[in-house]
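# Residue-level structure breakdown
In case you want the letters, here they are:
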Amino acid sequence: MSEVQAMPTTPGEAAAPAPAVHVRHVSKRYGERQALDDVSLEIGRGEFFGLLGPNGAGKSTLVEIMEGLRRADSGTVAVFGESPWPRNTALLPRVGIQTQSSAFFVRQRAHEHLRTVAALYGAPRSAVDATLEAVGLTEQRDIQVESLSGGQRQRLAIASALVHGPELIFLDEPTAALDPQARRDLWEVLRGLKAQGRTIVYTTHHLDEAEALCDRIAILVDGTVAVTDTPHNLVGGFKAATRLMLPLGRLGEDEAAAIPGVDRVTVQGGSLVLETREAGRVLSAVDKLTGLDGVQTRTAGLEDVYLDLTARLTRSAHTPRRNADTTEHQP
Ligand SMILES: Nc1ncnc2c1ncn2[C@@H]1O[C@H](COP(=O)(O)OP(=O)(O)OP(=O)(O)O)[C@@H](O)[C@H]1O
Ligand SMILES: [Mg+2]
């Protein structure tokens, strides 16, 4: 088992600042469970980076290793060029952390809790009210932490990660318990932080959100990074079918299936759904047959890419391995 060490700095490279986070060949096992298997990634300063993946994929484990809350079995992690493990006090003021199960001073009122956290980091008291305001907790400032609702506690956890103005912010599913408006409000807070040049590393199961916020995302499946790219490239490179939805009764199923370029026709929720990879051609055929009034189109988004990728990789991971000495092969 090797220690997680800071990357050595090469003489003469001082002009180029180290990336916010550099993870190289990190593996982590809990007993029989290989939670992370040779994960490498680099997160640039000022980047908004999203970690996606199914439950149990290893996102929290990876984030906690970056944060210095967990130790990797092997591999190296550097945060601003320094190892976060063992506990690196020089990094603490520069990093903000919201974990998936945050700890609170439950007997304190919301603003007291945040004041305590701010004091730990030497942040000014003025930051407390501003941060409560930013996460929409001004009205709850005098409520005891244990009496806050689930979403309000989550906001307080986020506030605790932000109050000392860190350069690098780790948020593990920050929007999980938030109502739709609070989620949008947090997006604005995070966009504001990014605009100030801060680096944000966060996990989410909301694909629409990752697509709206992240500069780049990594999709983790079974402890390995399946892909890292911009949402734009991921969606653009995914040759998914476009779905055209027609109000029922406008076109028969057989008639629709006969249109050149239509791959599949189904009836779903009051619509006749035509799947095609030649949307322009099919739309103009539909226009000629029935007109385009009320026709809706839906193109692939990050969610389609994610579902396709994770289903394929999870399936292949669960395909039984054959012995090397057999001549059988998988179709
Ligand atoms: N402290 C632990 N002890 C034993 N196994 C653990 C521990 N923490 C995580 N695991 C296991 O490691 C795997 C990865 O867990 P992790 O919490 O990193 O996943 P995740 O991607 O964050 O999932 P989720 O989306 O549900 O939050 C899971 O199989 C989990 O059961
Ligand atoms: Mg998690």
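Residues numbered from 1 in each chain as written. Chains lettered and ligands numbered in written order. Predicted model: local features only at pLDDT ≥ 70, side-chain atom pairs only at ≥ 80, totals over all residues. Heavy atoms only, no water.

In the nomenclature of an unreviewed UniProt entry, the chain corresponds to ABC transporter ATP-binding protein from the organism Streptomyces drozdowiczii. Recorded in UniProt for the chain, the comment headed Sequence similarities (unreviewed entry) runs: "Belongs to the ABC transporter superfamily." (UniProt positions renumbered as here; feature names shortened; annotations may be inferred.)

Close contacts around ligand 1 come from 15 residues, with G56, K59, S60, T61 and H205 the closest. Between ligand 1 and A57, the relevant distance is 3.2 Å, taken from an oxygen atom to a main-chain nitrogen or oxygen of the residue. Between ligand 1 and the protein, one listed contact pairs an oxygen atom with a side-chain N or O atom of E173 at 3.4 Å. Contact with the protein chains hides 65% of the accessible area of ligand 1, taken as 630 Å² for the molecule alone. (Near = heavy atom within 4 Å. Polar contact = N/O pair within 3.5 Å; in protein donor to acceptor, adjacent residues only side chain to side chain. Areas by Shrake-Rupley, 256 points an atom, 1.4 Å probe, with all protein chains shown as cover.)

Turning our attention to the side chain of T266. Residue placement: T266 occurs in strand β11 (residues 262-268). Look at T266 and you get buried, because its relative accessible area is 17%. Setting aside chain neighbours within four positions, we find T266 in contact with S271, L272 and V273. (Helix = DSSP H or I, 4+ residues; strand = E, 2+ residues; numbered from the N terminus. Buried < 20%, exposed > 50% of the residue type's maximum accessible area, 1.4 Å probe, protein only. Contact = heavy atoms within 4.5 Å.)

Quick look at the coordination of the magnesium ion (ligand 2) now. Around the magnesium ion (ligand 2), the protein contributes the donor atoms S60 (OG) and Q100 (OE1), which lie 2.0 to 2.2 Å from the metal centre. On the criterion of sequence distance, the pair formed by S60 in helix α1 (residues 59-67) and Q100 in the loop between β5 (95-98) and α2 (110-121) is long-range, its members being 40 residues apart. By relative accessible area, S60 is classed as buried at 18%. (Donors = N, O, S within 2.8 Å, 3.2 Å for Na, K, Ca; no water.)

Okay, the packing of α2 against helix α4 (residues 150-162) next. Where α2 meets α4, the axes come as close as 9 Å, and the angle between the chain directions of the two elements is 25°. What the angle tells us is that α2 and α4 run roughly parallel. Our pair here, α2 against α4, has a crossing hand that is right-handed. Of the residues in α4, those touching α2 at A110, H113, L114 and V117 are L156, A159 and S160. (Axes fitted to C-alpha atoms, helices over the stretch in contact; angles between N-to-C directions. Parallel < 35°, antiparallel > 145°, perpendicular 65-115°, else oblique. Left-handed = near helix turned anticlockwise from the far one by under 90°.)

Here we come to the domain arrangement of the chain. Taken as a whole, the chain is organised into domain 1 (21-230) and domain 2 (241-299). Relative placement of domain 1 and domain 2: their C-alpha centres are 43 Å apart. (Domains from an automatic or database assignment.)

The next subject is unusual backbone geometry. In this structure, P86 follows W85 across a cis peptide bond, with omega equal to -5°. Located in the positive-phi region is F80, a residue other than glycine, with phi close to 50°. Take F80: it is sitting in the loop between β4 (74-79) and β5. In this structure, D222 takes a positive phi of about 50° despite not being glycine.

Helix length check: helix α5 (residues 180-195) (16 residues) gives 23 Å between terminal C-alpha atoms against 22 Å at 1.5 Å per residue, within 8%. Here α5 has its buried residues at A182, R183, L186, W187, V189, L190 and L193. The buried residues of α5 occupy an angular sector of 170° when projected down its axis, which confines them to one face. For α5, the exposed residues lying more than 90 degrees away from the buried face are P180, Q181 and A195. Contact partners of the buried residues in α5: β3 (48-52), α3 (126-134), α4, β6 (168-172), β7 (199-203) and α6 (207-213). At the N-terminal boundary of α5, the capping side chain belongs to D179, with an oxygen 2.9 Å from the backbone nitrogen of Q181. After α5 finishes, the residue G197 shows a positive phi value of roughly 95°. (Expected span 1.5 Å × (residues − 1). Arc of directions from axis to C-beta.)

Next up on the list: the environment of V79. Position of V79 among the secondary structure elements: in strand β4. The buried category is assigned to V79, whose relative accessible area is 2%. As for V79 and G68, which are separated by 11 residues in sequence, their C-alpha atoms are 9.2 Å apart. Apart from residues no more than four positions distant in its own chain, V79 is found in contact with A20, M66, P84, L91, V95 and L168.

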